[in-house]
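Per-entry structural report
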Amino acid sequence: MCVCTALGALALPSTAHAADTPLRDLAAAKGIHIGNAVAGYKLSGNAQYAAIAGTQFTSLTPENAMKWSSVEPARGSYNWAEADQIVAFAQEHDQQVRGHTLVWHSQNPGWLTSGGFSAAELRAILERHIATEAGRYRGKIAAWDVVNEMFNEDGTYRSSLWYNAMGPGYVADALRWARQADPNAKLYLNDYNVEGINAKSDALYNLVRSLKAQGAPIDGVGLQAHFVLGQVPSTLQANIQRFADLGLDVAITELDVRMQLPATDAKLAQQAADYSAVVKACLAVGRCVGITGWDISDADSWVPDVFPGYGAATMYDANYRPKPAYHAVATALGGGGTTPPPGGACTATYAVANQWGGGFTANVTITCPPGSSLTNWQAAWDFGAGQRLTQAWNAGCRQEGTRVTCSPASWNGSVPSGGSVSFGFNGTWSGSNPVPAVTVS
Ligand code: XIL
């Protein structure tokens, strides 16, 4: 992203890291795609936006341009201009396109939602819509979000135009029609709040398992990943894995991490940790095929409009400068050149609380300065004087030889920026009981 003037790189703000390897190269080296959501008028009207979209990503998702209300605002009258523009931009930049979305309860044209159609008419209209749109872009779309957001939070089907008219079978029908229209596109079901293991993701899991059993054409699931700061589910990786184990691809399709405004260094550091955790979870599962962010910069994000008081959810600030989250993603993808956290690294202290003939109690406290944080921490040390750990609390500890390794209990895996976590244990000693140095990661 060189917004170069006559002064060249000297004119760049120091945070721009102009020489860093683009995310797209890092992701390609890891075998995944990295994408973002884009709007056509910004690709043509905002040079900074277009430069980032074209150079940092291997995949683009039209943010709104392929939704039904965009492509067929009046019945039978199509407007493909913006969708065509985005597909052309992607092709020029050697990028794939995620098609979004063919069947949804939202952003449908008024003629459709208030047309008073019978169930049979709606079914025919939907079939025709899928044939028309997926057919138009046949061969140009890597993956389609065929159905978007079909479940309620409790895992029951969402009441929608489609469900109410056709029952749950509309999902399998839509997949079949999409397959006919574009046999080479990967076909996905996409939803939010299905990133961790919960009632809603269980419903999605059961649905895709039964679709596969029926032979319906389903290739993948999209986990939108619209997260709140510090709330990336601890079961994200396990959840990705269980879908992968069904023989499905998994994609993170709309990643953002919103925070209550104003943003602070500590919140931005937590956000960086959150983005990093998502990348790591995806990389850990072979069939996690890629990660798409939802909106290029904080100036483009949908968040402030929809979640009052929240924002700063993307990897670039409102001036298109990469944020700590950007650098964290680059690092998680194997890139170098990260900025160290402003407050330095998290540390651990070890204190003997009580000691008697042959036995002792000790506590370990892990502390993160403002600007640093840990998720799923690990603490380790060597007992050099023959001590043996007998029993730990608030952590799970193992001793092998002199080496002790402790990991969090289910409730204390995150050490927030400016916060701390403690655990304790009993041990035995003889001769001397020196305090070891604890490393934390
Ligand atoms: C959002 C867009 O970002 C906004 O511009 C638009 O006004 C509303 O839709 N889940 C989805 C996306 O699947 O299509 C939504 O996109 C965000 C939530």
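Residues numbered from 1 in each chain as written. Predicted model: local features only at pLDDT ≥ 70, side-chain atom pairs only at ≥ 80, totals over all residues. Heavy atoms only, no water.

1. Let's talk about the packing of aromatic side chains
What describes a pair of aromatic rings is the distance from one ring centre to the other and the angle between the planes of the rings. Put simply, the test is: Pairing of aromatic rings covers Phe, Tyr and Trp, the last counted by its six-membered ring, and requires centre-to-centre distances within 6.5 Å; plane angles under 30 degrees mean stacked, over 60 mean edge-to-face, and any other angle means tilted. We call a residue buried when its accessible area falls under 20% of the maximum for its residue type, exposed when it is over 50%, and partly exposed in between, using a 1.4 Å probe and counting protein chains only. Distance and angle both matter: a charge sits over a ring if NZ of Lys or CZ of Arg is within 6 Å of the ring centre and within 35 degrees of the ring normal.
Per the stated rule, a full pass over the model turns up 20 aromatic pairs. Judged by centre distance (6.3 Å) and plane angle (85°), the rings of Trp111 and Phe117 are edge-to-face. Note on Phe117: relative accessible area 21%, which makes it partly exposed. Taking 5.1 Å as the distance between ring centres and 10° as the angle between the ring planes, the aromatic pair formed by Tyr157 and Tyr163 counts as stacked. Chaining the aromatic ring pairs together yields one cluster made of Tyr350, Phe360, Trp377, Trp381, Phe383, Phe423 and Phe425. Over the face of the ring belonging to Tyr188 we find Arg98, whose NZ or CZ atom lies 4.5 Å from the ring centre.

2. Considering unusual backbone geometry
Just so we agree on the cut-off: Each helix corresponds to a stretch of at least 4 residues labelled H or I by DSSP, and each strand to a stretch of at least 2 residues labelled E; elements are numbered beginning at the N terminus.
A cis amide bond, omega 0°, links His100 with the succeeding residue Thr101. As for its placement among the helices and strands, Thr101 is situated in strand S3 (residues 96-103). Residue Pro262 is reached from Leu261 by a cis peptide bond, and omega for that bond is 5°. Along the chain, Pro262 falls in the loop between strand S8 (249-260) and helix H12 (265-283). Its identity as a non-glycine residue notwithstanding, Gln107 has a phi of 50°, on the positive side. You can call Gln107 partly exposed: its relative accessible area is 31%.

3. Re the state of the cysteines
Applied cut-off: The rule for a disulfide is simple: a pair of cysteine sulfur atoms within 2.5 Å.
Here the structure, examined in full by the defined rule, presents three disulfides. A sulfur-sulfur distance of 2.1 Å marks the disulfide that ties Cys282 to Cys288. Disulfide Cys282-Cys288: the torsion about the S-S bond is -100°, which places it as left-handed. Of the residues examined, Cys282 reaches a relative accessible area of 1% and is grouped as buried. One disulfide bridge connects Cys397 with Cys406, the sulfur atoms lying 2.1 Å from each other. Across the S-S bond of Cys397 and Cys406 the torsion is about 110°, and the bridge reads as right-handed.

4. Some words on the side chain of Arg24
Definition in use: When charges are counted, neither His nor the chain ends are considered; positive counts come from Lys and Arg and negative counts from Asp and Glu. Salt bridges are defined as contacts in which a side-chain nitrogen from Lys or Arg sits within 4 Å of a carboxyl oxygen from Asp or Glu. When checking whether two residues touch, look at their non-hydrogen atoms; a contact exists if any pair is within 4.5 Å.
Relative to the helices and strands, Arg24 resides in helix H1 (residues 23-30). Here Arg24 occupies a buried position and makes no salt bridge, while the nearest side chain of opposite charge, Asp94, is found at 4.4 Å. Each residue touching Arg24, except ones within four places of it in the same chain, is listed here: Ile34, Gly54, Thr55, Gln56, Phe57, Thr58, His93, Asp94 and Gln95.

5. Looking at the layout of surface pockets
Quick note on the threshold: With a 1 Å grid laid over protein atoms only, a set of points is called a cavity when a 1.4 Å probe fits there but cannot get out and a pocket when it is open yet has protein on both sides within 12 Å along at least five of seven lines; lining residues have an atom within 4 Å of a point. Grid points are joined across faces, edges and corners, and a volume is the space filled by probe spheres set on the points. Put simply, Ala, Val, Leu, Ile, Met, Phe, Trp, Tyr, Cys and Pro go in the nonpolar bin, Asp, Glu, Lys and Arg in the charged bin, and everything else, Gly too, in the polar bin.
In this structure, the second largest pocket spans a volume of roughly 480 Å³. Along its surface, the second largest pocket is lined by 25 residues, and Gln224, His226, Glu254, Trp302 and Phe307 are the ones closest to its centre. Of all the elements in the fold, those that place two or more residues in the lining of the second largest pocket are strand S7 (226-228), S8 and helix H13 (303-306). Among the elements that take part in the lining of the second largest pocket, S7 stands out by supplying three residues, more than any other. When grouped by side-chain class, the residues that make up the lining of the second largest pocket number eight nonpolar, nine polar and eight charged.

6. Regarding the nonpolar core
Heads up, the rule is: For our purposes a nonpolar core is just a set of buried Ala, Val, Leu, Ile, Met, Phe, Trp, Tyr and Cys residues, chained together by side-chain atoms within 4.5 Å.
The biggest cluster of nonpolar side chains holds 96 residues, and the ones touching the most others in it are Leu23 and Leu189. Ranked by residues supplied to this core, first place goes to helix H9 (residues 169-181) with eight residues. Once residues within four sequence positions are removed from consideration, Leu189 is found in contact with Val147, Met150, Val171, Leu175, Leu204, Leu207, Val208, Leu211, Ile218, Gly220, Val221 and Gly222. Membership of the second largest hydrophobic core comes to 24 residues, among which are Cys346, Val364, Phe383 and Trp429.

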